[in-house]
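An overview of the molecular structure
The lines below spell out each chain.
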Amino acid sequence: MINVSKIKKGIVLDHIKAGEGHCLYKALNLDKVEDTVVLMQNISSTSKGKKDLIKIETDFDLDFTVLGLIAPHTTVNYIVDGERTEKYRMELPEKVNGIMKCKNPRCITNVEKVEDILFTLKDIKNKEYSCEYCDSVTRYEE
Ligand code: CTP
Ligand code: ZN
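Below or above, wherever it landed, is the structure these notes cover. Just so it is clear, the model here is predicted, and its values are computed rather than measured.

**Looking at the overall build of the chain**
- Within the chain, the regular secondary structure consists of three helices and nine strands.
- The principal-axis extent of the C-alpha atoms belonging to the chain is close to 55 × 30 × 25 Å.
- For the chain, the residues scored as buried account for 39% of the 142 residues in total.
- Summed over all atoms, the accessible surface of the chain reaches about 9200 Å², with 47% contributed by carbon and sulfur.
- The average position of the 22 basic charges and that of the 24 acidic charges among the side chains of the chain differ by 6 Å.

**Things to note about the nonpolar core**
- Counting 28 residues, the largest nonpolar core has Leu13, Phe64, Leu67, Val76, Phe119 and Tyr129 as the members making the most contacts within it.
- Counting only elements with at least two residues in this core, the list comes to strand 1 (10-17), strand 3 (49-57), helix 2 (65-70), strand 4 (75-80), strand 7 (118-123) and strand 8 (128-131).
- Considering each element in turn, this core owes the most residues, four residues, to helix 2.
- Inspection of this core shows a minimum of three residues originating in each of domain 1 (10-89) and domain 2 (95-139).
- Here Phe119 is in contact with Glu94, Lys95, Val96, Met100, Lys101, Cys102, Tyr129, Ser130, Cys131 and Thr138, once residues within four sequence places are set aside.
- Ile7, Met40, Ile43 and Ile79 belong to the second largest nonpolar core, which has six residues in total.

**So, the sheet that holds strand 7**
- Taken in spatial order, the four strands line up as 6-7-8-9 in an open sheet, and their pairing is antiparallel. Two strands in the sheet have a free side with no partner beyond their single neighbour: strand 6 (95-97) and strand 9 (137-139). Averaged over neighbouring strand pairs, the angle between their axes works out to 40° when direction is ignored.
- Of the strand pairs in this sheet, strand 8 and strand 9 are connected by three bridges, and their pairing is antiparallel. What sits directly across from Glu128, in strand 9, is Arg139.

Cut-offs and rules
Residues numbered from 1 in each chain as written. Chains lettered and ligands numbered in written order. Predicted model: local features only at pLDDT ≥ 70, side-chain atom pairs only at ≥ 80, totals over all residues. Heavy atoms only, no water. Helix = DSSP H or I, 4+ residues; strand = E, 2+ residues; numbered from the N terminus. Buried < 20%, exposed > 50% of the residue type's maximum accessible area, 1.4 Å probe, protein only. Areas by Shrake-Rupley, 256 points an atom, 1.4 Å probe, with all protein chains shown as cover. Lys, Arg positive; Asp, Glu negative; His and termini not counted. Charge placed at Lys NZ, Arg CZ, Asp CG, Glu CD. Core = buried A, V, L, I, M, F, W, Y, C linked by side-chain atoms within 4.5 Å. Domains from an automatic or database assignment. Contact = heavy atoms within 4.5 Å. Pairing = 2+ DSSP bridges. Axes fitted to C-alpha atoms, helices over the stretch in contact; angles between N-to-C directions.

Worth remembering: the numbers are spatial, not functional.
Set out below in structure tokens:
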């Protein structure tokens, strides 16, 4: 097995569903960061067959809202001085800003070019969010 060493500082996205790593890489705009990033695919995982994994050697915190939307099963580990200090399991975000677009064609956001629209979670099961401008419901789709 290829050995990618532990990192000294940064963020490890673990337990990504096998095959989804590159989607998260794109969604998080990791091609734009200047830090060292590794994407590992199809790693044998003790619990559930195979998984993908992303390691980012960075001082910065990243915005993981989109991760909660597209891959809520992912674990986010923060590494400081070579030790994992915090571990989070992503959840569907309560508020989403600047990622979704309103599905209502008559909504002001679609008539004028409104950016950074705030959406609020209405239905967890169906990933449905309401638009702050027109209250109509939009389902998040990858
Ligand atoms: N990791 C790393 N560099 C470190 C510490 C940890 O790259 N200095 C990585 C590990 O390789 C692992 C992830 O961060 O993929 C989580 O580390 P840890 O919580 O120590 O591992 P586990 O306990 O096995 O995690 P889990 O129980 O979530 O599977
Ligand atoms: Zn709207």
